[in-house]
Amino acid sequence: KLLAFIRDVFYPEKINILEDRLGSLFLTYYQSLVVPGLSQKVTFKNAEFKVYSKHGCDGILAHIFSKIGVTRHTFVEIGVEDGRECNTANLSRNFGWNGLLVDANKQWIELAKVFYKEYAVKTATCFVTVENVNELIQNNNIRGEIDLLSIDIDGNDYWIWRAINIINPRVAVLEYNS
């Protein structure tokens, strides 16, 4: 909040330059983590860290995007609870990404609205199904290629992912329960 206040009131250009440089340093660090010949499993384990994610996904996603780049800084995340501990919180709150957060629980989405009120993040309360997922995404003006799709809805994750045809995510994160 302090950076946002300083950016808006005092030095918008200088704060934006600082944020860009920090983001660049962050990505450079992750690009240099990989030793040639190191297994992918070890590489991902070394990249893990948590800012807002539940299990180190903030670091893993930063590592992946440091390798493949970012195109639109856009995401869709389905199953976010109150949005404080999800895969896209770090990207939106610290790196300026925009996108859509969805959860079936109205109270959680109301809390998420407060948590993201100063960010370019849309929220939607919806019980997502195979039949309504594309309409939900389209109604929030998201189409085509996006950088990240994350689905964590405890059961139908694969079927929802399979039904999505309105967006083309460059990276997909799906919960897996054996």
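Conventions and cut-offs
Residues numbered from 1 in each chain as written. Predicted model: local features only at pLDDT ≥ 70, side-chain atom pairs only at ≥ 80, totals over all residues. Heavy atoms only, no water. Buried < 20%, exposed > 50% of the residue type's maximum accessible area, 1.4 Å probe, protein only. Helix = DSSP H or I, 4+ residues; strand = E, 2+ residues; numbered from the N terminus. Pairing = 2+ DSSP bridges. 1 Å grid on protein atoms, 1.4 Å probe; cavity = no way out; pocket = protein on both sides within 12 Å on 5 of 7 lines; lining within 4 Å. Points joined across faces, edges and corners; volume = space filled by probe spheres on them. Core = buried A, V, L, I, M, F, W, Y, C linked by side-chain atoms within 4.5 Å. Lys, Arg positive; Asp, Glu negative; His and termini not counted. Salt bridge = Lys/Arg side-chain N within 4 Å of Asp/Glu carboxyl O. Polar contact = N/O pair within 3.5 Å; in protein donor to acceptor, adjacent residues only side chain to side chain. Contact = heavy atoms within 4.5 Å.

Participant: Give me the lowdown on the pairing of strand β1 (residues 74-78), citing residues and values where you can.
Facilitator: Counting buried positions along β1 yields five of five residues, so the element is predominantly enclosed. Judged by which residues are buried, β1 turns out to be covered on both faces: T74, V76 and I78 on one side and F75 and E77 on the other are all buried. In this sheet, strand β2 (residues 98-103) lies alongside β1 in parallel orientation, the contact comprising five bridges. Bridging across to β2, E77 finds its partner in L101. As paired strands, β1 and strand β4 (residues 144-151) are joined by four bridges and run parallel to one another. Each residue of the ladder has a partner; that of E77, found in β4, is S150.

Participant: So what's going on with the layout of surface pockets? Residues and values would help.
Facilitator: Of the voids in this model, the second largest pocket is the one considered here, and its volume is about 680 Å³. In terms of lining, the second largest pocket is formed by 32 residues, of which the most central are G79, I151, D152, I153 and E175. At the level of secondary structure, the elements contributing two or more residues to the lining of the second largest pocket comprise α4 (57-68), β1, β2, β4 and β5 (167-174). Residue contributions to the lining of the second largest pocket peak at four residues, all from α4.

Participant: How would you sum up the nonpolar core? Please name residues and give values.
Facilitator: Ranked by internal contacts, the top residues of the largest apolar core, which has 19 residues, are V76 and I167. Elements represented by at least two residues in this core include exactly β1, β2, α7 (133-139), β4 and α8 (157-163). Formed by 17 residues, the second largest nonpolar core is a distinct cluster that contains A89, L101, F115 and Y116.

Participant: Any chance you could break down the side chain of D103 for me, citing the residues and the numbers?
Facilitator: Inspection of the secondary structure assignment puts D103 in strand β2. For the buried residue D103, which engages in no salt bridge, the nearest side chain bearing the opposite charge is K54, 8.4 Å off. Engagement of the side chain of D103 in a polar contact is seen with the backbone nitrogen of N105, the distance being 3.0 Å. Apart from the residues within four sequence positions on either side, D103 is in contact with G79, V80, E81, W108, I109, A124, T125 and C126.

Participant: Quick rundown of the environment of E85? Include the residues and the values.
Facilitator: The residue E85 is located in the loop between β1 and α5 (89-95) in this model. By relative accessible area, E85 is classed as partly exposed at 34%. Separated by 32 residues in sequence, E85 and S53 have C-alpha atoms that sit 4.9 Å apart. If we ignore the near neighbours within four places in the chain, the residues touching E85 are K50, Y52, S53 and K54. A distance of 2.8 Å separates polar atoms of two side chains, one belonging to E85 and the other to K50.

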